[in-house]
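Letter by letter, the chains look like this.
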Amino acid sequence: MTEAPAIKTDSVRKILANYPPNDGSALVNLLHDIQAAFRYLPQKALQMTARHVGLSPARVFEVATFYEGFHLKPRGEHICTVCMGTACHVRGAPRLLEQLERDLEISAGQTTADLKFTLEEVNCVGACALGPLVIIDGNYNGNMTSARLTRLVGGMQKKGKK
Amino acid sequence: MAAFKSARQLLDYRKKLKSTTSARRRTIAVCAGTGCKALGSFSLFDAFTSELKKNKLTSHIDLVATGCHGFCERGPLVLFHPEGVLYQRVKHGDVAEIVSKTVKDGKIITRLLYKDPNNGKQYRKEQQIPFYKHQKRMVLASNGHLDPTSIDDYIRGGGYSALAKAVEMGSRKIISEIKRSGLRGRGGAGFPTGTKWEICSRTESDKRYLICNADEGDPGAFMDRSVLEGNPHSVIEGMIIGALAIGADEGYVYVRQEYPLAVERLEIALKQARRLGLLGKNILGSKARFDVKINRGGGAFVCGEESALIASIQGARGVPRRRPPYPAVEGLFGKPTNINNVETWANVPLIIDKGSKWYAEIGTAGSKGTKIFSLVGKVNNTGLVEVPMGMTMRKIVFDIGGGIPGGKKFKAVQTGGPSGGCLPESKLDTPVDFDTLLEQGAMMGSGGMIVMDESTCMVDVARYFLRFLKSESCGNCTSCREGLVRLHELLTDICEGRANADTIPMILELAETVKTTSLCALGKTAVNPVLSTLRYFGPEYRAHIEQGRCPAGVCKALITYSIDAKLCNGCTLCLKNCPEGAVSGQKKKLHVIDQDKCIKCGICKDVCNQDAVLVE
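Criteria and thresholds
Residues numbered from 1 in each chain as written. Chains lettered and ligands numbered in written order. Predicted model: local features only at pLDDT ≥ 70, side-chain atom pairs only at ≥ 80, totals over all residues. Heavy atoms only, no water. Helix = DSSP H or I, 4+ residues; strand = E, 2+ residues; numbered from the N terminus. Buried < 20%, exposed > 50% of the residue type's maximum accessible area, 1.4 Å probe, protein only. Contact = heavy atoms within 4.5 Å. Areas by Shrake-Rupley, 256 points an atom, 1.4 Å probe, with all protein chains shown as cover. Lys, Arg positive; Asp, Glu negative; His and termini not counted. Charge placed at Lys NZ, Arg CZ, Asp CG, Glu CD. Disulfide = S-S within 2.5 Å. Salt bridge = Lys/Arg side-chain N within 4 Å of Asp/Glu carboxyl O. Polar contact = N/O pair within 3.5 Å; in protein donor to acceptor, adjacent residues only side chain to side chain. Pairing = 2+ DSSP bridges. pLDDT = per-residue confidence, 0-100. Axes fitted to C-alpha atoms, helices over the stretch in contact; angles between N-to-C directions. Arc of directions from axis to C-beta. Patch = residues over 30% accessible without salt bridge, like charges linked within 9 Å, V, L, I, M, F, W, Y side chains within 5 Å. Phe/Tyr/Trp six-rings, centres within 6.5 Å; stacked < 30°, edge-to-face > 60°. Lys NZ or Arg CZ within 6 Å of the ring centre and 35° of its normal. Parallel < 35°, antiparallel > 145°, perpendicular 65-115°, else oblique. Nonpolar A, V, L, I, M, F, W, Y, C, P; charged D, E, K, R; others polar. Core = buried A, V, L, I, M, F, W, Y, C linked by side-chain atoms within 4.5 Å.

Observations regarding the overall build of chain A
So, point 1. Of the regular secondary structure elements, chain A holds seven helices and four strands.
So, point 2. The N-to-C order of helical and strand elements in chain A reads α-α-α-α-β-α-α-β-β-β-α.
So, point 3. Each principal axis of the C-alpha distribution contributes one length, and for chain A these read about 50 × 35 × 25 Å.
So, point 4. Across the 162 residues of chain A, 52% fall into the buried class.
So, point 5. Of the contacts made within chain A by residues no fewer than 6 positions apart, 60% connect residues no fewer than 24 positions apart.
So, point 6. Approximately 7700 Å² of chain A is accessible, and the part contributed by carbon and sulfur atoms is 51%.
So, point 7. Put simply, chain A has 19 plus and 15 minus side-chain charges, and the middle of one group is 7 Å from the middle of the other.

Structure, rendered in structure tokens:
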């Protein structure tokens, strides 16, 4: 077991202060805010959250692992998300995902060793008219083709190496 | 503006708003819905802002970024009011010309008009375009011109007048009006809304809650997102009316985490409504109090199920519980809770404003009003459509949707999300309403309508939904947790050529078990995609099992890629793009695919300009 990386506890405290203490119903919202700040849910932050909302660390961990939207491991600098919704599926999304898995040499859900890229799937983002859709760092890239995807991600990989 | 102390003050405020702006005032409405935004409509909006400023036109014409207009396929969309002229696929570079020609001189730029790909006919006005002409836009009516961040815009157009009316009516009258309208829940199950409200309001309690279910989890459905993003006040107004009816003083909107813009728009709208005294204590001077909080989901499909959603708001895992007691009796924090879906809430102000009689005249005997569908997949006019209940599938797919692109053949339409079913060509004349769809083995669901053509493999589609559902099963019931995994394995066997004569009987037996022994709707309906494709596309299953063939050319293990000797012109594109180096050949000579190296990724087919790559 590797040691958890140190995090800025001050920024966690700031986030916690936005919610009244001992209110369990704030938990999911809180986890979202923490993840927005750290790109994942650091263990230390989860412990602090548990104390703040008045739940056991086990309960907080249980919730954090139940929802697909939460990540317990550090994620990459760039997040590539392939929409796997039905509309995107019938327009060839699985092939795009496989292409990214080959190009980045990771499986969906994993992060490259240099922490540059994380590859994820999403069930549907409701932009079905643009399918197949690949979201890179929050930007929707619609009507994606394998050639365009190679250019997009290839360009980012090169930039990273410089 | 201070908070309204009575309904009168609200009406006076509207009068004032109307007198300061002429109804004939020109507006440029740039669609800022998710689709158009992804296609660059925000930068288009900025270009319009600076171009209008440059030409000193800002005092003559309004520029608004609106919610989704629905015609996502043709985005970014720019609509001119009051003329109703629609420009589609507008680019940054078109803006200067639009301002100088259309805005200044009133001239039409024909290249930006919509042209029907089927017959080449051009349309000047939005309302003439077949995509819009056959629709009946009630819930989405304001999406094309309303600024979703302006409560004044909403009030000017008649917003919150239903609430003013509801304050006068009181609980019993509101409920009977909703009951008479015949409104049924738009989230999928179609339970009569008025009855639900009545049960909740009659349950003895010191406290009642109200929830708006915006956990739109069905892949391929985005109507709730568009309503929240484009007209958030219509949902809030519906919720306040609901709160008056059932006597709730606290409400929640549970929004999917994938919808950040919807959360942002809702937050703005809630603040505005509070400032004007439409939320909070003494709503419009009455004794009623009500306020709304936003809760974000965590990316779990099962949280669209009401008891799982309630668990999630309470800060727990989203696991459904046994019902009854239904939430209307025992819901959030153990108190009576009324849950309705976004689209249902957005229908409420329309009914109260125009009356149940008017509403009940729209639709079919058992399903009243309109329904919004997201028409997606292999269809020409992808987008959001609102039609009266009872319109046939054929009219939606072919008249509004413009049929199948690329001259391909229609194969199926899938409705009802992952738990829905696939209907074949022979069922295209089915009128779309809650009950008829169920009879045909599909369901209304939240309104996703995914069109499939001859290049879609129905076995693969069934496997896709099972993959989705097995990973979204919360794990509570063994039959759902384990059964879906096994069903997925059996479907994978078929797709990969390992199936035999026992596979289908085994699927049927297992499906029956999962269906009858799961607690919530996720498990109970999870087998629908398999059962409906087996029912209507049996020969395709048999081709996979008996002949080891995937007729649609989708299932990798059963297909091979090859290059047509007659069509290949030796351009080397496939050779350069093949990730595995499986293509060989010289310039201007026939290329060949090495079947041992080929991983069937399909890139060669994508890049070939000659259509020379064959899949068999």
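Next comes the rest of the write-up.
Remarks on the state of the cysteines
So, point 1. The full count for this structure, using the stated rule, is zero disulfides over all chains.
So, point 2. No disulfide involves Cys 36 of chain B; its nearest neighbouring cysteine sulfur is the one of Cys 31 of chain B, lying 3.6 Å away.

With respect to the interface of chain A and chain B
So, point 1. Taken together, the 39 residues of chain A in the interface contact 60 residues of chain B.
So, point 2. Our count for the chain A to chain B interface comes out at five salt bridges.
So, point 3. A salt bridge links Asp 33 of chain A to Arg 296 of chain B; the nearest nitrogen and oxygen atoms lie 2.7 Å apart.
So, point 4. Summed over the shared surface of chain A and chain B, the number is 27 residue pairs in polar contact (both at pLDDT 80 or more).

Remarks on the pairing of strand E11 (residues 370–377) of chain B
All names here are of chain B.
So, point 1. Counting buried positions along E11 gives eight out of eight residues, so the element sits mostly inside the fold.
So, point 2. Remark: five residues form the turn of the hairpin made by E11 and strand E12 (residues 383–388), two consecutive strands paired antiparallel.
So, point 3. Strand direction decides the pairing type here: E11 and strand E15 (residues 448–453), joined by four bridges, are parallel. Pairing of Leu 375 across the sheet is with Met 449, part of E15.

Things to note about the confidence of the model for chain A
So, point 1. Of the residues in chain A, 95% have a pLDDT of 70 or more, and the chain-wide mean is 90.
So, point 2. Mean pLDDT across the elements of chain A ranges from a minimum in helix H7 (residues 146–161) of chain A, with 83, to a maximum in helix H3 (residues 43–53) of chain A, with 96.

Some thoughts on the side chain of Thr 34 of chain B
So, point 1. Take Thr 34 of chain B: it is sitting in helix H2 (residues 34–38).
So, point 2. Thr 34 of chain B sits in the buried class, given a relative accessible area of 10%.
So, point 3. Engagement of the side chain of Thr 34 of chain B in a polar contact is seen with the side chain of Glu 229 of chain B, the distance being 3.2 Å.
So, point 4. Dropping the residues within four chain positions of it, Thr 34 of chain B is found in contact with Ala 127 and Tyr 140 of chain A together with Arg 225 and Glu 229 of chain B.

With respect to the sheet that holds strand E3 (residues 78–81) of chain B
All names here are of chain B.
So, point 1. Within the open sheet, the four strands sit side by side as E2-E1-E3-E4. Their pairing is mixed. Two strands bound the open sheet, and with one partner strand each, they are strand E2 (61–66) and strand E4 (85–87). On average, adjacent strands in this sheet sit at an angle of 20° to one another, irrespective of strand direction.
So, point 2. Strand direction decides the pairing type here: strand E1 (residues 26–31) and E2, joined by six bridges, are parallel. In the sheet register, Thr 27 faces E2, and the bridge partner there is Asp 62.
So, point 3. Contacts between helix H3 (residues 41–54) and the sheet are confined to E1, E2 and E3, with E2 contributing the most and set at about 170° to the helix.

With respect to helix H4 (residues 57–66) of chain A
All names here are of chain A.
So, point 1. Considered for burial, the residues of H4 that qualify are Val 60, Val 63, Ala 64 and Phe 66. Projected onto a plane normal to the axis of H4, the buried residues spread over an arc of 165° and lie on a single side. Across H4 from its buried face, at more than 90 degrees, point the exposed residues Pro 57 and Ala 58.
So, point 2. Where H4 is buried, its residues meet helix H2 (27–38) and H3.

Let's talk about a nonpolar patch on the surface
Residues and elements named next belong to chain B.
So, point 1. A grouping of Phe 191, Ile 199 and Val 329 is seen on the molecular surface, where their side chains present a nonpolar patch of about 240 Å² in accessible area.
So, point 2. Mapping Val 329 onto the fold places it in the loop between helix H13 (306–313) and strand E10 (337–341).
So, point 3. The class for Val 329 is partly exposed, based on a relative accessible area of 38%.

Describing the packing of aromatic side chains
Residues and elements named next belong to chain B.
So, point 1. Applying the stated criterion to the full structure yields 17 aromatic pairs over all chains.
So, point 2. With a centroid separation of 5.2 Å and 80° between ring planes, the pair formed by Tyr 154 and Tyr 160 is classed as edge-to-face.
So, point 3. When its relative accessible area of 9% is taken as the criterion, Tyr 154 is described as buried.
So, point 4. By relative accessible area, which is 0% here, Tyr 160 ends up buried.
So, point 5. A network of ring pairs unites the aromatic residues Phe 71, Tyr 114, Tyr 123, Phe 131 and Tyr 132 as a single cluster.
So, point 6. The ring of Phe 42 has Lys 37 lying over it, and the distance from NZ or CZ to the ring centre is 5.5 Å.

Thoughts on the packing of helix H18 (residues 458–472) of chain B against helix H22 (residues 528–536) of chain B
Residues and elements named next belong to chain B.
So, point 1. H22 packs onto H18 with a crossing angle of 170° between their chain directions and a minimal axis gap of 8 Å. Taken together, the axes of H18 and H22 are roughly antiparallel relative to one another. On H22, the residues touching Met 458, Ala 462, Phe 465 and Leu 466 of H18 are Pro 529, Val 530 and Thr 533.
So, point 2. Looking at side-chain class alone, the contact of H18 with H22 contains six nonpolar, one polar and no charged residues.

Quick notes on unusual backbone geometry
Residue and element names in this part refer to chain B.
So, point 1. A cis amide bond links His 81 to the next residue, Pro 82, at an omega of 0°.
So, point 2. If you trace the backbone, Pro 82 turns up in the loop between E3 and E4.
So, point 3. Pro 325 follows Pro 324 through a cis peptide bond whose omega is 0°.
So, point 4. When you line up the elements, Pro 325 lands in the loop between H13 and E10.
So, point 5. Located in the positive-phi region is Arg 89, a residue other than glycine, with phi close to 45°.
So, point 6. On the basis of relative accessible area, Arg 89 is assigned to the partly exposed category, the value being 37%.

Let's talk about the nonpolar core
Residues and elements named next belong to chain B.
So, point 1. Ranked by size, the top nonpolar core spans 124 residues in total, and within it Tyr 160 and Leu 278 carry the most contacts.
So, point 2. Counting residues per element, this core draws most heavily on helix H11 (residues 232–246), at nine residues.
So, point 3. Setting aside anything within four residues of it in sequence, one finds Leu 278 in contact with Phe 4, Ile 151, Tyr 160, Leu 163, Ile 240, Ala 273, Ile 283 and Leu 284.
So, point 4. Ranked by size, the runner-up nonpolar core spans 83 residues in total, among them Ala 300, Ile 339, Leu 466 and Cys 568.

Here we look at the sheet that holds strand E2 (residues 117–122) of chain A
Residue and element names in this part refer to chain A.
So, point 1. Taken together, the four strands give an open sheet; going across it, the order is E2-E1-E3-E4, and neighbouring strands pair in mixed fashion. Every other strand in the sheet has two partners, leaving E2 and strand E4 (139–141) as the edge strands with one partner each. Adjacent strand axes in the sheet meet at a mean angle of 25° when their direction is disregarded.
So, point 2. Sheet topology note: the strand E1 (residues 78–83)/strand E3 (residues 134–136) ladder contains three bridges and is antiparallel. Directly across from Thr 81, in E3, lies its bridge partner Ile 135.

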